[in-house]
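# Residue-level structure breakdown
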Amino acid sequence: MPKVTYFSGETFPLEMHKVRIIQKLTLLPVEERLRAVEESGYNTFLLQNKDVFLDMLTDSGVNAMSDRQQAAMLLADDAYAGSATFYRLQDKLTELFGKKYFLPAHQGRAAEHILCKAYVKPGDIVPCNYHFTTWKAHVVELGGRVVELLKPEGLEVTSTNPFKGNFDTAALEALVAKEGADKIPYVRMEAGTNLIGGQPFSLANLKEVSATCHKHGIKLVLDASLLADNLHFIKTREAEYADASIADIALEIAATSDIIYFSARKLGFGRGGGIVTDDEELYKQMRGFVPMYEGFLTYGGMSVREMEAITVGLDETLDEDMITQGPQFIEHMVKTLDAAGVPVITPPGGLGAHVDAMRFLDHIPQSQYPAAALNSAIFIASGVRGMERGTMSEQREPDGTEIAADMELVRLAVPRRVFTLSQVNYAIDRVMWLHANRRIVGGLTWVEEPEILRFFYGRLAPIGDWHHELVAKFRADFGDSL
Ligand code: F0G
């Protein structure tokens, strides 16, 4: 809806909110951007935010709050136990998902921790449409194995398939026949599938997954962290739901699943997380882990102020104007880059625009981390901080073997309600410049490689002198411009 046709006939997204609090930004000169990249070991997680112009690392915990959220924070009820704030959040979750039990956790991975502690045993197999890093780390740590049963077309980078996050139920049937349902503690479906480009599942597919799981007595767990985008895509891409309200679609999604967990750093424009279920037995199986790892049952490690903000933020998630802004900016980025010949994941997904480093830097082998190299190069070219989502984000096998990622992506996240269209257009422009100069960019090699979640804090260095060449070309092309 907030997309208008201009006099020229072109259509552009239009922000349906105005900015009432601002934060000043700095755009460092290109030489300083290179210095910052070098200091951060070519890992954008290690950049200091003061050196960043547009922070497109993630949408996690950095979405803009509304006036209503800020106002609600003042009403927070400070109590260790039985806070009224907790019950307001629980009621909102019940309204959104139709499930009565809520276990709070300080963020999404804490919910994953509880879910894995409660259900994953050594030798277990946990199927999913696609893994997410933190969830997989928990499964593996507990001796389980993650199996991705994404429909193969989900991995096609360039596609017109509207639901690339769909799950292959025939493959699940085959897995159950081979391994037995008792080895499968649950199946995990991720809304707005993060690591393959924020791609949604269809509600029809989710219902099919639910029926298959339940036929075999297997629980279905929904990761609803990126649900807002998936709701938008079901409404706009799945004909059957074109006239359904966002609230009704959310309830239908929730009805398929036994357990839903979420990162409220994404869903609900706040910072927190939790698990909901309608099943008292499941609730009790997980409940003990909340006071053990998170905090008492009525706050779970979250601040009451954030909980109030999340309650209002979940309400805003049901407002189409509020949830369409992100996907429409992303669509604008993807379509503009695609039209300019820059390889990007299509169709546009949620979360951010995903640049395909495998094609962008087809001269760099996966062993030299093309997505990480492109990510650093984008920062040097623009001051825009993206995130590597490729081989660097994988974990080596226990024997040290490197796992080459299915895709080598740089994610330029679009935190909700944060950037203006001119900032997005600047990011697009600098990526286009870099594409025109892509042969300059070379690979990276480890300087310091941690064993666990290495992408968060590992350090790399460029192979060769491409970083200096890139700065020289920037100066030659842009003169004194930042
Ligand atoms: N599930 C999904 C689909 C996620 O995208 C994330 C986080 C989590 C779970 C974990 O939640 O961060 O609150 O602990 N994704 C962030 C990102 C880190 O940048 O994509 P968390």
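About the cut-offs
- Residues numbered from 1 in each chain as written.
- Predicted model: local features only at pLDDT ≥ 70, side-chain atom pairs only at ≥ 80, totals over all residues.
- Heavy atoms only, no water.
- Helix = DSSP H or I, 4+ residues; strand = E, 2+ residues; numbered from the N terminus.
- Rg over C-alpha atoms; globule rule 2.2 N^0.38 Å.
- Buried < 20%, exposed > 50% of the residue type's maximum accessible area, 1.4 Å probe, protein only.
- Contact = heavy atoms within 4.5 Å.
- Areas by Shrake-Rupley, 256 points an atom, 1.4 Å probe, with all protein chains shown as cover.
- Lys, Arg positive; Asp, Glu negative; His and termini not counted.
- Charge placed at Lys NZ, Arg CZ, Asp CG, Glu CD.
- Salt bridge = Lys/Arg side-chain N within 4 Å of Asp/Glu carboxyl O.
- Axes fitted to C-alpha atoms, helices over the stretch in contact; angles between N-to-C directions.
- Parallel < 35°, antiparallel > 145°, perpendicular 65-115°, else oblique.
- Nonpolar A, V, L, I, M, F, W, Y, C, P; charged D, E, K, R; others polar.

Right, let's get into the overall build of the protein chain. Along the protein chain, the regular secondary structure elements total 18 helices and 16 strands. A compact globule built from 482 residues would reach a C-alpha radius of gyration of about 23 Å, and the protein chain, at 22 Å, matches this within 12%. Each principal axis of the C-alpha atoms in the protein chain carries an extent, and together these give about 65 × 55 × 45 Å. Burial statistics for the protein chain: of 482 residues in total, 60% are counted as buried. Pairs at least 24 residues apart make up 73% of the contacts formed inside the protein chain by residues separated by at least 6 positions. Element-wise, carbon and sulfur atoms account for 53% of the exposed surface of the protein chain, whose accessible area totals about 18,600 Å². The average position of the 48 basic charges and that of the 65 acidic charges among the side chains of the protein chain differ by 2 Å.

What follows covers the pattern of salt bridges. Inspection of every chain in the model, using the stated rule, returns 35 salt bridges. Of the charged contacts, one joins Glu39 and Arg35 as a salt bridge, the two residues approaching to 3.1 Å between their closest N and O atoms. Residue Glu39 and its partner Arg35 are both found in helix α1 (residues 30-39); the two are separated by four residues, about one turn of the helix. A residue is classified by how much of its surface remains accessible, and Glu39, at 48% relative accessible area, is partly exposed. With its nearest N and O atoms 3.4 Å apart, the salt bridge here joins Arg68 to Glu316. Taken together, the positions of Arg68 in helix α2 (residues 67-73) and Glu316 in helix α12 (residues 304-317) put the pair 248 residues apart, joining distant regions of the chain. Exposure remark for Glu316: the relative accessible area of 5% places this residue in the buried category. Salt bridges here are not isolated pairs; linked through shared partners, they connect Arg68, Lys92, Glu95, Asp315, Glu316 and Arg417.

Looking now at the packing of helix α8 (residues 227-237) against helix α13 (residues 320-339). With their axes 9 Å apart at the nearest point, α8 and α13 run at an angle of 95° to one another. Between α8 and α13, the interaxial angle falls into the category roughly perpendicular. Across from Ala228, Asp229, Leu231, His232, Phe233 and Lys235 in α8, the residues of α13 making contact are Glu320, Ile323, Thr324 and Pro327. When the residues that make up the contact of α8 with α13 are grouped by side-chain class, the tally is five nonpolar, two polar and three charged.

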